[in-house]
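Descriptive structure summary
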Amino acid sequence: MAENISDKVEQGVQILSLNRPEKKNAITVDMYQILSDALHRAELDESIKVTIITGVGPDFSAGNDIKDFLEIAHAPEKMASIMSFLQALTSYKKPIIGCVEGWAVGVGATMMLHCDMVFSARNTQFVFPFAQLGLVPEAASSFLLPRIVGHQKAFEMLMFGEPVNAETAYQLGMVNHLCEPGESLCLAQKYAERLSQLPTEAVLLSKDLLKCRTIDDIQMALMREGRIFKERLVSQEAQVQFRRFIDKQL
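Quick word on unusual backbone geometry
- For lysine 24, which is not glycine, the phi dihedral falls at a positive 55 degrees.
- Mapped onto the elements of the fold, lysine 24 is located in the loop between β2 (13–18) and α1 (29–44).
- Of note, the phi angle at asparagine 25 is positive, near 55 degrees, even though the residue is not glycine.
- For asparagine 25, the location among the structural elements is in the loop between β2 and α1.
- What makes asparagine 25 buried here is its relative accessible area of 0%.

Following this line, the structure appears as C-alpha cells:
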C-alpha cells in the first residue's frame with residue numbers, strides 16, 4: 001500500500017503525493033496511516049522545513065474510498081487511522097502547503113483548510129458532499145470553513161455539495177494563488193523553497209502564533225465530528241447513499 005503514497009524530500013521540502021490516479025486518488029484507511037506516519041517523521045526531522053501535499057494525475061483526490069467506508073461501518077476501529085492522520089495534520093508545527101488540480105472532493109477539499117498555503121490549478125473543483133452521502137462534515141471543516149467563507153456560504157457548500165470552482169475558492173479566501181493545470185506543484189515548490197530559506201524558529205513561532213487561538217476549537221470540532229461521523233457511517237441513510245454511489249460506478 002506504500003506505493004499509493006509517495007514520500008520524498010528535496011532540499012528540505014517533503015513532498016507527499018497521493019499516488020492512486022486510477023481511482024482519482026481516493027484515500028484508503030491504509031493510506032491515511034502512511035500519511036500520518038510520514039507527518040510524524042517529518043516533524044521530528046530537523047532537515048525538513050516544509051511539507052507539500054499533492055496528488056499524482058489530473059485529480060488531487062476523490063476523497064475517501066467509499067468501499068473502505070462500507071468496511072468501517074462494520075469495523076469502527078478502522079476509524080483510528082483516519083483520526084490519526086487528521087490529528088497529525090491539525091497539530092503539524094511546520095509549514096504545510098497544499099496544491100490541488102482537478103477534483104478535490106470530501107477530505108480532498110477539507111484537508112486544504114488546514115494548509116498554511118494552497119495553490120490551485122484553474123480547473124480545480126472543490127466538493128463537500130457529506131450531507132448528500134448521509135454524513136456530516138469532517139476534518140474540523142464545520143469550524144474552519146465558516147471562519148474562511150462565512151456561515152451562510154459554508155452552510156450552502158456543506159449542505160448541497162455543489163462544486164466550487166478555483167476562481168470562486170480564490171475569491172472566498174480558500175486559495176492563495178491560481179495557476180494553469182499541471183503547474184501547481186512547481187509553484188508550490190517555489191514558495192516552499194522560499195519558506196525553507198527563512199529563519200526556522202521564526203517560521204515555527206509565527207505559525208504557532210497564528211494558530212494558537214484556534215487550535216483547541218479545531219481539536220474539539222475534530223473530535224465531535226469524528227464521533228458523529230462514526231455514528232452516521234452505520235446509519236440507514238448513509239448505507240443507502242453509499243450503495244447508490246457504488247451502483248453508479250458499476
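From this point, things continue past the structure.
Notes on a nonpolar patch on the surface
- Together, Phe155, Met159 and Phe160 line one region of the surface with nonpolar side chains, adding up to about 310 Å² of accessible area.
- Inspection of the secondary structure puts phenylalanine 160 in helix α6 (residues 151–160).

Thoughts on the sheet that holds strand β8 (residues 164–165)
- The three strands lie next to each other as β5-β7-β8, forming an open sheet whose pairing is mixed. The open sheet is flanked by β5 (103–105) and β8, the only strands paired with a single partner.
- Pairing of strand β7 (residues 125–127) with β8 involves two bridges; the strand directions are antiparallel. By the bridge assignment for β8, glutamine 125 is matched with asparagine 165.

Looking at the pairing of strand β1 (residues 5–10)
- Note that β1 and β2 share six bridges and pair antiparallel. Note that in β2 the partner of aspartate 7 across the bridge is leucine 16.

A closer look at the packing of α1 against helix α3 (residues 79–91)
- For the pair α1 and α3, interaxial distance at closest approach is 8 Å and the crossing angle is 30 degrees. The angle between α1 and α3 places the two elements in the roughly parallel class. Here the hand of the crossing between α1 and α3 comes out left-handed. Across the interface between the two elements, Val29, Tyr32, Gln33, Leu35, Ser36, Leu39, His40 and Glu43 of α1 pack against Ser81, Ile82, Ser84, Phe85, Ala88, Leu89 and Ser91 of α3.
- Taken together, the residues of the contact of α1 with α3 break down into eight nonpolar, six polar and one charged.

Quick notes on the environment of glutamate 101
- Positionally, glutamate 101 belongs in the loop between β4 (96–100) and β5.
- Residue glutamate 101 is classed as buried on the basis of its relative accessible area of 13%.
- For the pair glutamate 101 and glutamate 183, spaced 82 residues apart in sequence, the C-alpha separation works out to 9.0 Å.
- Ignoring anything within four residues of it in the chain, the contact list for glutamate 101 reads Pro58, Asp59, Phe60, Ala121, Asn123, Thr124, Glu180, Pro181, Gly182, Glu183 and Ser184.
- A polar atom in the side chain of glutamate 101 sits 2.7 Å from the backbone nitrogen of glycine 182.

Quick word on the packing of helix α5 (residues 141–149) against α6
- Their axes nearest at 7 Å, the elements α5 and α6 cross at an angle of 130 degrees. In this view, α5 runs oblique relative to α6, as classed from their interaxial angle. For α5 against α6, the interelement crossing comes out right-handed. Taking contact as the criterion, the partners of Ser141, Leu145, Pro146 and Val149 in α5 are, on α6, His151, Lys153, Ala154, Met157 and Leu158.
- Residue composition of the contact of α5 with α6, by class: six nonpolar, two polar and one charged.

Calculation notes
Residues numbered from 1 in each chain as written. Predicted model: local features only at pLDDT ≥ 70, side-chain atom pairs only at ≥ 80, totals over all residues. Heavy atoms only, no water. Helix = DSSP H or I, 4+ residues; strand = E, 2+ residues; numbered from the N terminus. Buried < 20%, exposed > 50% of the residue type's maximum accessible area, 1.4 Å probe, protein only. Patch = residues over 30% accessible without salt bridge, like charges linked within 9 Å, V, L, I, M, F, W, Y side chains within 5 Å. Areas by Shrake-Rupley, 256 points an atom, 1.4 Å probe, with all protein chains shown as cover. Salt bridge = Lys/Arg side-chain N within 4 Å of Asp/Glu carboxyl O. Pairing = 2+ DSSP bridges. Axes fitted to C-alpha atoms, helices over the stretch in contact; angles between N-to-C directions. Parallel < 35°, antiparallel > 145°, perpendicular 65-115°, else oblique. Left-handed = near helix turned anticlockwise from the far one by under 90°. Contact = heavy atoms within 4.5 Å. Nonpolar A, V, L, I, M, F, W, Y, C, P; charged D, E, K, R; others polar. Polar contact = N/O pair within 3.5 Å; in protein donor to acceptor, adjacent residues only side chain to side chain.

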